[in-house]
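Notes for the structure review
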Amino acid sequence: MSSVTPSSPASSLFSPEAASDRSTALYGGKAVRRVTVRDIAAAKERGEKWPMVTAYDAMTARIFDEAGIPVLLVGDSAAMVVYGYDSTIPVTVDDLVPLTAAVVRGSRRAMVVADLPFGSYQASPQQALESAARFMKEAGAHAVKLEGGRRVLPQIETLVASGVPVMGHLGLTPQSVNVFGGYRVQGRGESGERLMADAKALEHAGAFAVVLECVPADLAERVTAALSIPTIGIGAGPACDAQVLVWQDLMGLNARPPKFVKKYFDLAGEMSRAIRAYADDVVNGVFPSSEHTYA
């Protein structure tokens, strides 16, 4: 595990210049307009790998956007990292729309993708369109993500036909955790062929990308090679076209992160030290000093 020390410059974490100096580069590209699905497709054609990360507020969205991250996901993972639930299931459209709007306002270049939460699209294509419309009209989202394979093809086809870019999600789909009996690797054995068929069906239905979560690396590699749209891995090995992580996980706020998480910074430790230093200053009468006081 590699961690960045507090003295390390921010550029050691995120260096867009290191990715490429081409204006067409997805990560760290020089274009000031928003990243679009056409840019995503072009990156696949070039064989360019790129990072995606979650965001739930304007301030972190600004940091990630300025670092060159091309796609920000307002994930239903907000249920756990923002609202404190044990799973993604309880979070609602009403919960996520304000977070999505904040991420859109905090960013300038990144494509902002909003998760459609559990119960907001499964009932019918019309329900999916109504939910997606809220994210796009009220929050300014540029695309939506939904979970599932062939069972959600009618929803995807309706959304795409209505002008809504759709990102798919296969493998361990957290909204189905109760069906899976826990957070388990998906796609081993014969189920891998079903996942492959689902991925091809999502592409045919018009999805512009598909997340592969917690699937064997060899299966993810085969799916990536079989699709003309990009795959985005999370616990799916290095062969995917892109990778995504929850930002609180990669920054070390999660005390028990999944196996697929690499910890890039001990933010929890740094925050704890900072808040204790502040508290000590208050208790000992050191803060506020004259420097922080109005005359």
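Quick caveat, the model's predicted, so the values are computed rather than measured.

**What to know about the overall build of the protein**
For the protein, the count of helices and strands is twelve helices and eight strands. When the 295 residues of the protein are sorted by exposure, 48% land in the buried category. Carbon and sulfur atoms make up 56% of the accessible area of the protein, which amounts to about 14,500 Å² in all.

**A look at the pairing of strand 3 (residues 111–115)**
In terms of residue burial, strand 3 counts as a mostly covered element, since five of its five residues are buried. What you see with strand 3 is no split at all: Met111, Val113 and Asp115 on one side and Val112 and Ala114 on the other are buried throughout. Pairing of strand 3 with strand 4 (residues 143–145), which is carried by three bridges, proceeds in the parallel orientation. By the bridge assignment for strand 4, Val113 is matched with Ala143.

**Things to note about the UniProt feature "binding site: 3-methyl-2-oxobutanoate" (unreviewed entry) in the protein**
Listed under "binding site: 3-methyl-2-oxobutanoate" (unreviewed entry) in the UniProt record, and renumbered for this structure, are Asp76, Ser77, Asp115 and Lys145. Spatially, the listed residues are clustered: although they cover 70 residues, their C-alpha atoms lie within 12.4 Å of one another. The annotated residues named above include Asp76, Ser77, Asp115 and Lys145 as those lining the largest pocket. Summarising the element assignment, Asp76 is placed in the loop between strand 2 (71–74) and helix 4 (78–81). Discounting residues that sit within four places of it in the chain, Asp76 has contacts with Thr88, Val91, Leu96, Asp115, Glu147 and Gln175. Looking at the element boundaries, Lys145 is found in strand 4. Judged by its relative accessible area of 3%, Lys145 is buried. Discounting residues that sit within four places of it in the chain, Lys145 has contacts with Leu73, Val113, Ala114, Asp115, Leu116, Met167, Gly168, His169 and Val211. Within polar-contact distance, the side chain of Lys145 engages the side chain of Asp115 at 2.7 Å.

**Looking at the UniProt feature "active site" (unreviewed entry) in the protein**
Cross-referencing UniProt, the feature "active site" (unreviewed entry) maps to Glu213 in the present numbering. Looking at where Glu213 falls in the secondary structure, it is placed in strand 6 (residues 209–213). Residue classification places Glu213 among the buried positions, given a relative accessible area of 11%. With residues near it in sequence (within four places) discarded, Glu213 still touches His169, Leu170, Gly171, Leu172, Pro174 and Ile234. Side-chain polar atoms of Glu213 contact the side chain of His169, separated by 2.9 Å.

**Some remarks on the nonpolar core**
It is characteristic of soluble globular proteins that their nonpolar side chains tend to be buried jointly. Among the nonpolar cores identified, the biggest contains 63 residues, and Leu72, Phe135, Leu146, Leu159, Leu212 and Val223 are the most heavily contacted of them. Tallying contributions element by element places helix 5 (residues 93–106) first for this core, with seven residues. The residues touching Leu159, leaving out its near neighbours within four places in the chain, are Ala128, Leu129, Ala132, Val144, Leu146, Val164 and Val166. Leu26, Val35, Met52 and Ala209 belong to the second-largest nonpolar core, a separate cluster that totals 19 residues.

**Digging into the packing of helix 3 (residues 58–66) against helix 5**
Where helix 3 meets helix 5, the axes come as close as 7 Å, and the angle between the chain directions of the two elements is 40 degrees. By the angle between their axes, helix 3 is oblique relative to helix 5. Viewed along their axes, helix 3 and helix 5 form a crossing whose handedness is right-handed. Two secondary-structure elements touch here, helix 3 through Ala58, Ala61 and Arg62 and helix 5 through Ala102, Val103 and Gly106.

**Digging into the packing of helix 7 (residues 153–161) against helix 9 (residues 191–205)**
At a minimum axis distance of 9 Å, the contact between helix 7 and helix 9 shows a crossing angle of 25 degrees. What the angle tells us is that helix 7 and helix 9 run roughly parallel. Crossing hand, helix 7 versus helix 9: right-handed. Of helix 9, the residues touching helix 7 (which contributes Leu153, Ile156, Glu157 and Val160) are Ala201, Leu202 and Ala205. Partitioning the contact of helix 7 with helix 9 into residue classes produces six nonpolar, no polar and one charged.

**Overview of the sheet that holds strand 5 (residues 166–171)**
Pairing between the strands of a sheet is mediated by backbone hydrogen bonds and can be parallel or antiparallel. Taken in spatial order, the eight strands of this closed barrel run 1-2-3-4-5-6-7-8, and their pairing is parallel. Going from strand to strand, the sheet's axes swing by 25 degrees on average, the running direction of each strand aside. On the sheet, helix 9 packs against strand 5 and strand 6 and is oriented at approximately 175 degrees with respect to strand 5.

Rules behind the numbers
- Residues numbered from 1 in each chain as written.
- Predicted model: local features only at pLDDT ≥ 70, side-chain atom pairs only at ≥ 80, totals over all residues.
- Heavy atoms only, no water.
- Helix = DSSP H or I, 4+ residues; strand = E, 2+ residues; numbered from the N terminus.
- Buried < 20%, exposed > 50% of the residue type's maximum accessible area, 1.4 Å probe, protein only.
- Areas by Shrake-Rupley, 256 points an atom, 1.4 Å probe, with all protein chains shown as cover.
- Pairing = 2+ DSSP bridges.
- UniProt positions renumbered as here; feature names shortened; annotations may be inferred.
- 1 Å grid on protein atoms, 1.4 Å probe; cavity = no way out; pocket = protein on both sides within 12 Å on 5 of 7 lines; lining within 4 Å.
- Contact = heavy atoms within 4.5 Å.
- Polar contact = N/O pair within 3.5 Å; in protein donor to acceptor, adjacent residues only side chain to side chain.
- Core = buried A, V, L, I, M, F, W, Y, C linked by side-chain atoms within 4.5 Å.
- Axes fitted to C-alpha atoms, helices over the stretch in contact; angles between N-to-C directions.
- Parallel < 35°, antiparallel > 145°, perpendicular 65-115°, else oblique.
- Left-handed = near helix turned anticlockwise from the far one by under 90°.
- Nonpolar A, V, L, I, M, F, W, Y, C, P; charged D, E, K, R; others polar.

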